[in-house]
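Each chain is listed here by its residues.
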Amino acid sequence: MSDIRMTYQNDHQRADIDLESLLGTNITVDVQTGYDLSTACMISLMTDRVADSDWTLTVDQRGWWADAYREQPIGSRIWQLELMSVDDPNEYLIRTKAYCEEALQWLVDAAIAQSISASAYFTDTTKRNIGADITVTKSNGLTEQFSYVWDQSL
């Protein structure tokens, strides 16, 4: 069974469920399925992962309530970047890369992927918008690439 296809709109900072229409019409017939890896990556990166126990910048640890019953939490710690200063831009980008790879590590652990790699960059001169390019090498050796942008000023 396939997952519901979700797509992330970088320019609007939101995700949505994709719908299928009858060919050549505006009549919606069903939700799109497939694209399981794309949807899994998006949910893993866009869901707030619970903060580590040494997190002190906020009282709110965020995370998903059901993580209390899981061995490994779901999501990413990218939300923490909005609370950190960008005094050292290189450190900021290193954290972004590490948070992306941490969020997607479960794909390797579950043998869905052989490896995950991320690169991070600033998308503007204010250094508040960050982008990440993700490469997933699947278990069959083929790669898929995904790109995401976060506006830390929202």
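One can find the structure itself at the top, above this paragraph.
Criteria and cut-off values
Residues numbered from 1 in each chain as written. Predicted model: local features only at pLDDT ≥ 70, side-chain atom pairs only at ≥ 80, totals over all residues. Heavy atoms only, no water. Buried < 20%, exposed > 50% of the residue type's maximum accessible area, 1.4 Å probe, protein only. Helix = DSSP H or I, 4+ residues; strand = E, 2+ residues; numbered from the N terminus. Salt bridge = Lys/Arg side-chain N within 4 Å of Asp/Glu carboxyl O. Polar contact = N/O pair within 3.5 Å; in protein donor to acceptor, adjacent residues only side chain to side chain.

Burial analysis of helix 1 (residues 36-46) places 8 of its 11 residues in the buried class, which makes it a mostly covered element. Every buried residue belonging to helix 1 is among L37, S38, T39, A40, C41, M42, S44 and L45, and all of these are buried.

Evaluated as defined, the whole model comprises 7 salt bridges. In this structure, E82 engages R62 in a salt bridge whose closest nitrogen and oxygen atoms are separated by 3.7 Å. On the criterion of sequence distance, the pair formed by E82 in the loop between helix 1 and helix 2 (89-109) and R62 in the loop between helix 1 and helix 2 is long-range, its members being 20 residues apart. Given the relative accessible area of 30%, E82 is considered partly exposed.

Here N129 lies in strand 6 (residues 129-138). In terms of polar contacts, N129 uses its side chain to reach the side chain of D124, at 2.8 Å.

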